[in-house]
Amino acid sequence: MTKIVVVDNHGQFTHLERRALRDLGVDTELIDNDTPPEEIDADGVVLSGGPDMDRIGASAEYLEADVPVLGICLGMQLIAEELGGRVEDGDYGGYADVTVELVDADDPLTGRLHPETRVWASHADEVVELPDGFERTATSDVCGIEAMSDTDRDLYGVQWHPEVAHTEEGDAIFENFRDICEAA
C-alpha cells in the first residue's frame, strides 16, 4: 500500500489533506513538521499549508528525501523559496474562489484538470519567480503562478487548497500525486 505523510505546518485545513489521502486508500499519517525526514518511511510527502514561513520546522529537509513532494499553499511557497525562487506578498489576501487555467495538459499533477478548474485559494503570499528546473503549470487572473512542477525531481506545488470542498476537482490532485508516488 502506498504511504504518503502529511507534514503539519499548522494550517487550518491540514487534517483535510490527510483525510483526502485516506479516502483514496492511501496509508497516511499526519506528522509534526519538526520530524526529521530520516525518521519517516514513506513513498511521498505532502507539505501542508500554514500561516507563517517562520513555523515550517524541518519541512525544507523533505525536499532532499528522494521521494515525491507536493506543496500546498505555504508548502508550495516553501519549495520555491528553498530552491531559489521568490515569494512575495500577493495583491489579494484572504481566501477566494478562483478560476485557474491549466497551461500544461501533460503535467502529471495538474494536466488532467486542463483547460481550467475552480479552486479555493489564499493569495496573501504567492510565488512570483520559479526556482530553476520548475515549470509553471497553472495561472489565474489573481496569481501568475498557481501551480508548478519539476518532474525530474518529482517536486510539485499548488497555490490552492485541493483538500477543501470549494475546490471542484481537488480529489484529482491527490489521486495524481498518489499515482506519481506509486510510479517513483
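Conventions and cut-offs
Every chain's residues receive numbers from 1 upward, in the order its sequence appears when written. Two thresholds apply to this predicted model, a pLDDT of at least 70 for residue-level local features and 80 or more for giving and counting side-chain atom pairs, whereas whole-chain, interface and lining totals are computed over all residues. The basis for every side-chain value is the complete set of non-hydrogen atoms in the structure, without hydrogens or water. When DSSP finds at least two bridges between two strands, those strands are taken to pair. Helix and strand definitions follow DSSP, with helices as H or I runs of at least four residues and strands as E runs of at least two, each counted in order from the N terminus. For helices, the fitted axis covers only the stretch in contact; all axes are lines through C-alpha atoms, and the angles between them, taken along N-to-C directions, range from 0 to 180 degrees. Note on exposure labels: buried denotes an accessible area under 20% of the residue type's maximum, exposed denotes more than 50%, and partly exposed covers the range between, all computed with a 1.4 Å probe on protein chains only. Contacts are assigned to residue pairs that have any heavy atoms within 4.5 Å of one another.

Enquirer: So what exactly am I meant to see when it comes to the sheet that holds strand E9 (residues 155-158) here?
Expert: On the basis of which strands lie adjacent, the open sheet formed by nine strands has the order E2-E1-E3-E4-E9-E8-E7-E5-E6 and mixed pairing. Strand pairing shows two members of the sheet lacking a second neighbour, strand E2 (27-32) and strand E6 (116-129), which therefore form its edges. Between one strand and the next, the sheet's axes are offset by a mean angle of 20 degrees, whatever the strand orientation. Examined bridge by bridge, strand E4 (residues 69-72) and E9 share four bridges and lie parallel to one another. Across the sheet, the residue bridging to Leu70 is Tyr156, located in E9.

Enquirer: What's the story with helix H2 (residues 74-82) in this structure? I'm lost.
Expert: Where burial is concerned, most of H2 is hidden: seven out of the nine residues are buried. Within H2, burial applies to Leu74, Gly75, Met76, Gln77, Leu78, Ile79 and Ala80. Buried residues along H2 sit against strand E3 (44-47), E4, strand E5 (86-102), E6, strand E8 (147-150) and E9. Positive backbone phi, at 100 degrees, marks Gly84, one or two positions downstream of H2.

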